[in-house]
Every structure is written in C-alpha cells, then in structure tokens.
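Take a look at the letters that make up each chain.
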Amino acid sequence: METDAAPTRSIAAPLRAAWMAGRHVLARTARLALDIALPTQCVSCHEPVDGEGVCAACWARLSFIERPYCPRLGIPFVYDPGPDMLSMEAIASPPAYQRARAAVRYDDVARTLVHALKYQDRTDLAPAMGRWMARAGGELLAGADMLVPVPLHWRRAWRRRFNQSGALARIIARQSGVEVRGEFLRRVRATEQQIGLSRALRASNVQGAFQVSPGHQAEIQGRRIVLVDDVLTTGATLDACARALLRAKAAQVDVLVFARVVEAGPRPI
C-alpha cells in the first residue's frame, strides 16, 4: 500500500504546481483582455485616456504651484512680494518642519487624484503624481539624506493594503536618488480621520501619535529628512511627524506633498 501511495504523491505535486501556474497565466490574460476591452478612463472626467489616468483637458485644469511662493511654507502668492518675503502663516504660526513644497493646489482634479490613489487602489496614478512632486521639491531633495513617508497605523494599513505616502515616496526616490526609509517612523496610536476637524482638533488628534522606531534614533541623528505625504491641509499631521524626528535629533525636516490647501485671499504681508 505504501509503495503505491508514493508515486501518487510524486505525480500530484507537479500537477498541482502546473494547475497553479495555469491559473496565474489565465488571470493575467483575463486582466489584459479587460484592459483592451475597457480602456483606462480619466479619474476626473471618465473619458478614455491612454496613459496614467488623467486626460489632457483635466491635466490642464490642475493648478501647479510655481513661484512666487512663501519660501518657508510654499504657499503661492498672488503677486511677487520680493525675495525672502514670508507668508502670514509662516510668521504667525511657524511649524516644526523647516520648509514645505507642494506640486499642485488641492482643487477638484487634485482631490479626485488623491482619493483615487488612497481609496480606490489606483496605484497607476502614483508615477505621475510622484514625478510632479519630485519636480516641485527639487531644492529640498538636493540636500536630503532620506525620504520618510508619513506612516499609517497598522490597522488602517491592513484595511487599505498599502500606504499612499509610501507609494509616492518610492517614485520620488527613483527620480531623485534619495533613499526611502519607511521603517524609521511609526504611528503608535490610531487617530480619527482628520477630515472635518478644526485646526485645533487636528493638532490634538495627532499629538503623540508618532514615534521614531526603536533602534533607528542613531540613523536619524544629524540627517536632513524630507517627509512625504499626499495632502497638506493645516499641517498638523506633518508637524507631529516632524517633532518626533527632531526629538530624535534630525538636523532638519522638510515636507513634500502632492497637493496643499490654499485659502483665498492675499498671502504676503
């Protein structure tokens, strides 16, 4: 009986492997056929698009942030106030991080891109968004030692299956040559969603939520770090992250995001 069972087992293993390989090939073929039958749609207007998910018309509607802007916070000015002029926000409430830069204003198209990447698994959008960020943050990246994406709490990361900030950071790393160290910072406390909270409640919500991972303090000491995230609203989350890194004696922390909220009205004083 035992001599009969051994050949059966030896035959079953290759058959099982072949079946699994066949399933993988069929799944890839099915996905390719679906892509051909249903071409990629623009995430904003849903028109067919050949490329990375944004049609030419919606790309033109993105409001890229160019100079002049506040040298500290990257907030765009409506007119050029002269060199080194700070915004009201930078003077009245300077953050822990040194400088912030964003690729675009957080308008309707930018919001759609961010939500598609974050909540709809549209990871195909990350390459274009990351390249725009690398362009906007050139002066920060030129002197940086590492990129640190804003971490998710492990429970939220499990639900989403990936960290959108980490996905953007990896694209920026390929563009700039600055390494990503996603393990250096962790979110030790689950926080409420920041959406809908006031500035004060946002700051309170993330207070003490971030820590440098044990064993990595020495690698952070004296280094120039660029924090990477998708959106800057009030800056509370990024400020909390920067404070954690500065407590570990980072030399400087800058911030690079895809989009930032820009309030209407005159900016410089």
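Structure report, in brief. These figures come from a predicted structure and were not determined experimentally. (Residues numbered from 1 in each chain as written. Predicted model: local features only at pLDDT ≥ 70, side-chain atom pairs only at ≥ 80, totals over all residues. Heavy atoms only, no water.)

### Thoughts on the overall build of the protein
Move 1: The secondary structure content of the protein amounts to 11 helices and 6 strands.
Move 2: With 269 residues in all, the protein has 43% of them scored as buried.
Move 3: Sequence separation of at least 24 residues holds for 74% of the intrachain contacts in the protein that already meet a minimum separation of 6.
Move 4: Accessible area for the protein stands at about 14,600 Å²; split by element, carbon and sulfur atoms hold 55% of it. (Helix = DSSP H or I, 4+ residues; strand = E, 2+ residues; numbered from the N terminus. Buried < 20%, exposed > 50% of the residue type's maximum accessible area, 1.4 Å probe, protein only. Contact = heavy atoms within 4.5 Å. Areas by Shrake-Rupley, 256 points an atom, 1.4 Å probe, with all protein chains shown as cover.)

### Notes on the nonpolar core
Move 1: By size, the foremost hydrophobic cluster in this structure holds 41 residues, and its most contacted members are Leu113, Met129, Met133, Leu147, Ile172, Val228 and Phe258.
Move 2: Mapped by element, the contributors of at least two residues to this core are β1 (100–105), α4 (108–119), α5 (126–136), α6 (138–142), α8 (164–176), β5 (224–232) and β6 (252–260).
Move 3: Here this core gets 7 residues from one element, more than from any other, and that element is α5.
Move 4: The residues contacting phenylalanine 258, other than those within four sequence positions of it, are Ala102, Ala103, Val104, Ala110, Leu113, Val114, Met129, Trp132, Met133, Asp229 and Asp230.
Move 5: Core analysis: the second largest hydrophobic core is formed by 35 residues, Ile75, Ala209, Leu238 and Val255 among them. (Core = buried A, V, L, I, M, F, W, Y, C linked by side-chain atoms within 4.5 Å.)

### Considering the sheet that holds β6
Pairing between the strands of a sheet comes from backbone hydrogen bonds, and it takes one of two forms, parallel or antiparallel.
Move 1: Judged by pairing direction, the sheet is parallel, and its 4 strands sit side by side in the order β1-β6-β5-β2 without closing on themselves. The sheet terminates laterally at β1 and β2 (146–149), the two strands that pair on one side only. With direction set aside, neighbouring strand axes in the sheet form an average angle of 20°.
Move 2: Pairing geometry for β5 and β6, over 8 bridges, is parallel. Bridge pairing in β6 links arginine 224 to glutamine 252.
Move 3: Where α8 meets the sheet, its contacts fall on β2, β5 and β6, and the angle it forms with β5 comes to roughly 125°. (Pairing = 2+ DSSP bridges. Axes fitted to C-alpha atoms, helices over the stretch in contact; angles between N-to-C directions.)

### Some thoughts on the pairing of β6
Move 1: Along β6, 9 of the 9 residues are buried, which leaves the element largely enclosed by surrounding structure.
Move 2: Pairing between β1 and β6: 5 bridges, direction parallel. Paired with arginine 105 across the two strands is arginine 260, which belongs to β6.
Move 3: For the crossover from β5 across helix α11 (residues 236–247) to β6, the handedness is right-handed. (Right-handed = clockwise from strand over helix to strand, strands pointing away.)

### Some details on the packing of helix α9 (residues 199–206) against α11
How two helices pack is summed up by the angle between their axes together with the distance between the axes.
Move 1: Where α9 meets α11, the axes come as close as 8 Å, and the angle between the chain directions of the two elements is 35°. Here α9 and α11 pass one another in a crossing that is right-handed. Where α9 approaches α11, its residues Arg202, Ala203 and Val206 are matched on the opposing element by Ala236, Thr237 and Ala240.
Move 2: Here the contact of α9 with α11 is composed, by residue class, of 4 nonpolar, 1 polar and 1 charged. (Left-handed = near helix turned anticlockwise from the far one by under 90°. Nonpolar A, V, L, I, M, F, W, Y, C, P; charged D, E, K, R; others polar.)

### Regarding the packing of aromatic side chains
Move 1: According to the stated counting rule, one finds 3 aromatic pairs in the structure shown.
Move 2: Feature note: the residues Trp59, Phe64, Trp132 and Phe258 constitute an aromatic cluster, connected by ring pairs.
Move 3: Against the face of tyrosine 106 rests arginine 111, its NZ or CZ located 5.1 Å from the ring centre. (Phe/Tyr/Trp six-rings, centres within 6.5 Å; stacked < 30°, edge-to-face > 60°. Lys NZ or Arg CZ within 6 Å of the ring centre and 35° of its normal.)

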